[in-house]
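This is what each chain is made of:
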Amino acid sequence: HHHVWSKYTFPLSLKSLDLAIYGPDRIPIDLVFEPLAALTRLQKLTIDRVWLEEPESYFPDLKHWSHLNSLCLRVAKVKTAHQILAAVPTTQWYKLNIDVEEDDLGRPGIFEGLEDADWGNLKKLEMDFVDFVIHYKMLKQLHGLFLFVVKQVSDSSLLSSRLLDVLNPDVHTELQYLFYY
C-alpha cells in the first residue's frame, strides 16, 4: 500500500478530495489517512470503493483537519467510526456519511456516546438502516437537517414507524430531502 501513495503528491491547498480507491477491497485506515495529513485546509473528504479497516500501526491523528466538515467513507467495523467521530468535534460536521460493513442489529451504533453532543451544524446525514434503528431518537435533536438518507433498509415497516416518530414537521422545518432505499 505504501508504494501506491508514494507516487502521489496532493497540492497542500486542497479543500476537497474525492478518492475512489481501486484494488484491494480493504485497507488499514492509517495507510490511507497518514499520507493525507498534510492537507490541513481539507474541508471535504470522500473515500469510495474501499472498506477502511483497523489501523496497521496506530489510529491517525485527525486534529490537523480542523476545517474538515464533510466526510463520506466506508469502515469495516463500527469501532473505526467511533474513533473518527471522537477525534473531531461534533460541532465541526456539516455532512456525515459513514457506511459500516457490520450490519448486525446487536452492534453499537456509530454515534454511541455522542447522542447528546452538539450536532447543531450537521445539515446532511446519510446512515445505514442499522444505525438509524439504534439512533432514531437522536434525530429529534437534529433540527437543522435538510438532507436525510437511510441506506440498506431491510424492514420498511420499522423504518416508517420510526420516521413518523422522529420527523415531526414542526421540529424539522428545514428538511427538504428524505431518501431511503
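The sections below set out a description of the structure shown in this document. Please read these numbers as outputs of a predicted model, since none were measured by experiment.

Of the regular secondary structure elements, the chain holds 5 helices and 9 strands. The secondary structure elements of the chain, listed N-terminal to C-terminal, are α-β-β-α-β-β-β-α-β-β-α-β-α-β. Taking 2.2 N^0.38 as the reference for a compact globule, 181 residues should give roughly 16 Å; the C-alpha atoms of the chain span a radius of gyration of 17 Å, in line with that estimate. When the backbone C-alpha atoms are referred to their principal axes, the chain occupies close to 50 × 30 × 25 Å. Burial statistics for the chain: of 181 residues in total, 44% are counted as buried. If you take every contact in the chain between residues at least 6 apart in sequence, the share linking residues at least 24 apart comes to 72%. For the chain, the accessible surface area stands at approximately 9,300 Å², while carbon and sulfur atoms represent 51% of it. Computed over 18 positive and 25 negative side-chain charges, the separation of the two mean positions in the chain equals 5 Å.

This part is about the nonpolar core. In this structure, Phe-33, Leu-45, Ile-47, Leu-96, Trp-119 and Leu-125 are the most contacted members of the largest nonpolar core, which totals 51 residues. Every residue in contact with Trp-119, bar those within four places of it in the chain, is listed here: Leu-85, Thr-90, Trp-93, Leu-96, Phe-111, Leu-114, Met-138 and Leu-142.

Burial in helix H3 (residues 78-87) covers these residues: Val-78, Thr-80, Ala-81, Ile-84 and Leu-85. Projected down its long axis, H3 shows its buried positions confined to an angular sector of 155°, all on one face. Against helix H2 (29-33), strand S4 (51-53), strand S5 (70-75) and strand S6 (95-100) lie the buried residues of H3.

Moving on, we get to the pairing of strand S9 (residues 177-180). In terms of strand pairing, strand S8 (residues 147-151) meets S9 through 4 bridges, oriented parallel. Residue pairing in the sheet places Leu-147 in a bridge with Tyr-177 of S9. In this region the chain leaves S8, passes through helix H5 (residues 156-166) and returns to the parallel neighbour S9; the handedness of that crossover is right-handed.

Attention now goes to the pattern of salt bridges. Counted under the stated rule, the structure contains 7 salt bridges. For Glu-54, the salt bridge identified is with Lys-79, shortest N-O distance 3.6 Å. In this pair, Glu-54 sits in the loop between S4 and S5 while Lys-79 sits in helix H3, placing the two residues 25 residues apart along the sequence. On the basis of relative accessibility, which here comes to 47%, the residue Lys-79 falls in the partly exposed class. Note that Lys-140 is salt-bridged to Asp-165, the shortest N-O span being 3.9 Å. Here the residue Lys-140 occupies a position in the loop between helix H4 (129-135) and S8, and Asp-165 occupies one in helix H5, the gap between them amounting to 25 residues. Residue classification places Lys-140 among the partly exposed positions, given a relative accessible area of 37%. Each of the salt bridges in this network shares a partner with another, and the network as a whole consists of Arg-26, Glu-53 and Glu-101.

Tracing the chain through its elements places Pro-24 in the loop between strand S1 (16-20) and strand S2 (26-28). Along the backbone, Pro-24 and Arg-49 are 25 residues apart, and their C-alpha atoms lie at a distance of 9.2 Å.

What follows covers the side chain of Thr-46. When you line up the elements, Thr-46 lands in strand S3 (residues 44-48). The residues touching Thr-46, leaving out its near neighbours within four places in the chain, are Leu-17, Asp-18, Leu-19 and Cys-72.

A separate point is the side chain of Asp-131. Tracing the backbone shows Asp-131 in helix H4. Engagement of the side chain of Asp-131 in a polar contact is seen with the side chain of Arg-107, the distance being 2.8 Å. Sequence-distant contacts of Asp-131, that is, excluding residues within four places in its chain, are made with Val-100, Arg-107, Pro-108, Gly-109 and Ile-110.

Taken residue by residue, H5 has Leu-159, Leu-163 and Val-166 as its buried positions. In an axial view of H5, the angular spread of the buried residues amounts to 75°, which keeps them on one side of the axis. For H5, exposure combined with an orientation more than 90 degrees from the buried face picks out Ser-157 and Leu-164. Each element contacted by the buried residues of H5 is listed here: H4, S8 and S9.

Cut-offs used in this document
- Residues numbered from 1 in each chain as written.
- Predicted model: local features only at pLDDT ≥ 70, side-chain atom pairs only at ≥ 80, totals over all residues.
- Heavy atoms only, no water.
- Helix = DSSP H or I, 4+ residues; strand = E, 2+ residues; numbered from the N terminus.
- Rg over C-alpha atoms; globule rule 2.2 N^0.38 Å.
- Buried < 20%, exposed > 50% of the residue type's maximum accessible area, 1.4 Å probe, protein only.
- Contact = heavy atoms within 4.5 Å.
- Areas by Shrake-Rupley, 256 points an atom, 1.4 Å probe, with all protein chains shown as cover.
- Lys, Arg positive; Asp, Glu negative; His and termini not counted.
- Charge placed at Lys NZ, Arg CZ, Asp CG, Glu CD.
- Core = buried A, V, L, I, M, F, W, Y, C linked by side-chain atoms within 4.5 Å.
- Arc of directions from axis to C-beta.
- Pairing = 2+ DSSP bridges.
- Right-handed = clockwise from strand over helix to strand, strands pointing away.
- Salt bridge = Lys/Arg side-chain N within 4 Å of Asp/Glu carboxyl O.
- Polar contact = N/O pair within 3.5 Å; in protein donor to acceptor, adjacent residues only side chain to side chain.

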